[in-house]
Amino acid sequence: MYQKYKNAELVKPGGLELKDRLVGVQRVTKVTKGGRAFGFSAIVVVGDEAGVVGHGLGKSKDVATAIAKAVEDAKKNLVRIPIVKGTLPHEQKGKYGGARVNIIPAAPGTGVIAGGAVRLVLEAVGVHDVLSKSQGSSNPHNVVKATFDALLQLRDAKSVARERGISLEKVFNG
């Protein structure tokens, strides 16, 4: 799922205290010759509020089962996100489908300034100070995936120094 991100570190759910956040539940209808068949799809974000986060989709005939399936799916897709002093290492844009998300690091005390699905993802990651702007589609599925696109492109200074084969001071001072 995250093959295109070279710095995406997959995490196993064992031993983590994960909290799940429900992003949305949709009632879906399938029209058959015998009438309408109703089902539910749920999108969930799970995270330990310390840099590990995942998202999942569950579908079922009833809401509770759909949510349970979504949580199980989310636990299979956990990734580690770099967090620096309660905020992000740098500004980043992400996009998925018609949704575009811009996340910007903020000064301590700012809080999470984000709407809807973006807020849920950033809170699950454990970011305390961040600004964000969601543009284009407001479809929660695509907004969550666009937020993950932005988060997975984040790199902390240590990984940049390691990639370039230079010291940490040289990353900051040139």
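Within each chain, residues carry numbers counting from 1 in the order of the written sequence. Residue-level local features of this predicted model are given only where pLDDT is at least 70; pairs of side-chain atoms are given and counted only at 80 or more, and the full residue set underlies all totals for whole chains, interfaces and linings. Excluding hydrogens and water, the side-chain values take into account all heavy atoms of the structure.

Another point: the nonpolar core. Val53, Ile81, Ile103, Leu122, Val144 and Leu151 are the most contacted members of the largest nonpolar core, which has 29 residues in total. Secondary structure counts use DSSP, requiring at least four H or I residues in a row for a helix and at least two E residues in a row for a strand, with both numbered from the N terminus. Of all elements in the fold, only strand 3 (35–47), strand 7 (99–105), helix 2 (116–125) and helix 3 (140–152) reach the threshold of two or more residues within this core. If sequence neighbours within four positions are ignored, Leu151 has contacts with Ile81, Leu88, Ile103, Val121, Leu122 and Val125. Side-chain atoms within 4.5 Å are what join buried Ala, Val, Leu, Ile, Met, Phe, Trp, Tyr and Cys residues into a set we call a nonpolar core. Throughout this description, buried means an accessible area under 20% of the type-specific maximum (1.4 Å probe, protein chains only), exposed means over 50%, and partly exposed covers the range between. Contacts: residue pairs with any heavy atoms within 4.5 Å of one another.

So, about helix 3. Taking 1.5 Å of rise per residue, 13 residues should cover 18 Å, and helix 3 covers 18 Å from first to last C-alpha, within 8% of that figure. Most of helix 3 is tucked away: 11 of the 13 residues are buried. Whenever a nitrogen or oxygen atom comes within 3.5 Å of another N or O atom, the pair is scored as a polar contact, on the condition that within protein one atom can donate a hydrogen and the other can accept it, and that pairs from neighbouring residues in sequence are kept only if both atoms are in side chains. Between a side-chain oxygen at the N-terminus of helix 3 and the backbone nitrogen of His141 the separation is 3.0 Å; the capping residue is Asn139. For a helix, the expected span equals 1.5 Å multiplied by the residue count minus one.

In this structure's numbering, the residues bearing the UniProt feature "domain: S5 DRBM" (unreviewed entry) are residues 18–81. Annotated as residues 18–81, this span is 22% helix and 59% strand, and its ends, taken at the C-alpha atoms, are 15 Å apart. UniProt positions are given in the numbering used here, feature names are shortened, and annotations may be inferred rather than shown by experiment.

This part covers the packing of helix 2 against helix 3. Here an axis means a line fitted to C-alpha atoms, over the contact stretch when the element is a helix, while the angle between two N-to-C directions is reported on a 0 to 180 degree scale. Two elements in contact, helix 2 and helix 3, have axes separated by 8 Å at closest approach and are oriented at 45°. Looking at the two axes, helix 2 sits oblique to helix 3. Crossing of helix 2 over helix 3 shows right-handed handedness. Two secondary-structure elements touch here, helix 2 through Ala117, Val118, Val121, Leu122 and Val125 and helix 3 through Pro140, Val143, Val144, Thr147, Phe148 and Leu151. Throughout this entry, Asp, Glu, Lys and Arg are counted as charged residues, while Ala, Val, Leu, Ile, Met, Phe, Trp, Tyr, Cys and Pro are counted as nonpolar. The remaining residues, Gly among them, count as polar. When its residues are assigned to classes, the contact of helix 2 with helix 3 shows 10 nonpolar, one polar and no charged. Throughout, the term roughly parallel applies to angles under 35 degrees, roughly antiparallel to angles over 145, roughly perpendicular to angles from 65 to 115, and oblique to all others. Handedness of each helix crossing follows the sense of rotation of the near helix against the far helix: counterclockwise by less than a right angle gives left-handed, clockwise gives right-handed.

Sheet strands associate in pairs through backbone hydrogen bonding, adopting either a parallel or an antiparallel arrangement. Strands sit in the order 6-7-9-8 across an open sheet of four strands; the sheet is mixed. Only two strands of the sheet have a single neighbouring strand rather than two, namely strand 6 (92–96) and strand 8 (112–113). Two strands are said to pair when DSSP picks up at least two bridges between them. By the bridge criterion, seven bridges tie strand 7 to strand 9 (residues 130–136) in an arrangement that is antiparallel. Counterpart to Pro105 in the pairing with strand 9 is Val130. Packing against the sheet, helix 2 makes contact with strand 7, strand 8 and strand 9, and its axis sits at approximately 145° to strand 9. Packing against the sheet, helix 3 makes contact with strand 6, strand 7 and strand 9, and its axis sits at approximately 140° to strand 6.

Here the focus is the pairing of strand 2 (residues 19–32). Bridge analysis of strand 2 against strand 3 gives 13 bridges, and the strand direction is antiparallel. By the bridge assignment for strand 3, Val25 is matched with Ala42. Two successive antiparallel strands, strand 2 and strand 3, enclose a turn made up of two residues.

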